[in-house]
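Results of the structural survey
What follows is the residue order along each chain.
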Amino acid sequence: MKKVLLPVLLLCCLLLSACGDRAAQSRFEAFAESLASKESLAFTADLRCEYPEQSRRFTLRYEKDAAEERVTVLAPELIEGVSASLDGDGAALCYDGIVLDTPPLDPYGLTPMNALPKLVFALTGALPDTHWEEDGCAVYRLVPDDHLTVTVWFAEGMKPVRAELMSDGNVSVFCELSDWR
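The following refers to the structure shown. Everything quoted here is computed from the prediction, not taken from an experiment.

About the criteria used
Residues numbered from 1 in each chain as written. Predicted model: local features only at pLDDT ≥ 70, side-chain atom pairs only at ≥ 80, totals over all residues. Heavy atoms only, no water. Helix = DSSP H or I, 4+ residues; strand = E, 2+ residues; numbered from the N terminus. Buried < 20%, exposed > 50% of the residue type's maximum accessible area, 1.4 Å probe, protein only. Contact = heavy atoms within 4.5 Å. Phe/Tyr/Trp six-rings, centres within 6.5 Å; stacked < 30°, edge-to-face > 60°. Pairing = 2+ DSSP bridges. Lys, Arg positive; Asp, Glu negative; His and termini not counted. Salt bridge = Lys/Arg side-chain N within 4 Å of Asp/Glu carboxyl O. Polar contact = N/O pair within 3.5 Å; in protein donor to acceptor, adjacent residues only side chain to side chain. Core = buried A, V, L, I, M, F, W, Y, C linked by side-chain atoms within 4.5 Å.

Attention now goes to the overall build of the protein. Helix and strand content of the protein: 2 helices and 11 strands. When the helices and strands of the protein are read in sequence order from the N terminus, they spell out α-β-β-β-β-β-β-α-β-β-β-β-β. A total of 181 residues make up the protein; the buried ones form 39% of that total. If you take every contact in the protein between residues at least 6 apart in sequence, the share linking residues at least 24 apart comes to 40%.

Structural data, given as structure tokens:
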């Protein structure tokens, strides 16, 4: 009897874990569809960007509507209020004839100024590679392309509160998200 009961219990555990995976997958898919169909999106992000020799911090405001996608610098104070337009490789912030260098964090063009658009792209265009629960948050790891992995922490109601962008096995950008609308 014990020999029969053990495999049946293991099969039940396996089936229950698969149900949890499908439910988590469905929650993320519903979130991604809702986000993709929104006419506008706005949020604030505190970024810590890791370069080989130093860390740089930025506070950025992301706004997207039917007409455009914009990133506005809220900090550091020196460039506060500047709205970003990404050039061809996303490597520079240009404003009124001044070019402020934001060099790539990786060989594939990830910069502080294009990190938030890449995050939004991952949230709407990538399926979860894996997911888990951590500190009361649902965590999803997304792989939008061969060079980038995006991990996002969601609070109750699938509200993104934190994200990490990783390239070549190194987390290059840490984001604390707020004012998600």
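Tallied over the full model, the rule gives 7 aromatic pairs. Residues Phe28 and Tyr140 carry aromatic rings whose centres are separated by 5.2 Å and whose planes lie at 35° to one another, so their mutual orientation is tilted. Linking Phe28 in helix α1 (residues 2-37) with Tyr140 in strand β8 (residues 137-145), this pair joins segments that are 112 residues apart in sequence. For the pair formed by Phe28 and Tyr140, the shared burial category is buried. Note on Phe28 and Phe154: the rings are 6.2 Å apart at their centroids and 80° apart in plane angle, and the pair reads as edge-to-face. Taken together, the positions of Phe28 in helix α1 and Phe154 in strand β9 (residues 148-155) put the pair 126 residues apart, joining distant regions of the chain. As far as burial versus exposure is concerned, Phe28 and Phe154 are alike and both buried.

Our focus in this paragraph is the pairing of strand β2 (residues 55-64). In this structure, strand β1 (residues 41-50) lies alongside β2, joined through 10 bridges in antiparallel fashion. Bridge pairing links Phe43 to Tyr62 in β2. From the end of β1 to the start of β2, which pair antiparallel, there are 4 residues. The pairing of β2 with strand β3 (residues 69-75) spans 6 bridges and is classified as antiparallel.

Turning our attention to the side chain of Arg61. Within the secondary structure layout, Arg61 lies in strand β2. Buried and unpaired, Arg61 has no salt bridge, with Asp179 as the nearest side chain of opposite charge at 4.2 Å. Looking at Arg61, its side chain comes within polar contact range of the side chain of Thr44, at 2.9 Å.

What follows concerns the nonpolar core. Core analysis: the biggest nonpolar cluster contains 43 residues, and Phe43, Leu47 and Leu123 have the highest contact counts within it. For this core, the leading source of residues is helix α2 (residues 115-125), giving 6 residues. In contact with Leu47, not counting residues within four places along its chain, are Arg56, Arg57, Phe58, Leu60, Pro112, Ala115, Leu116, Val173, Phe174 and Cys175.

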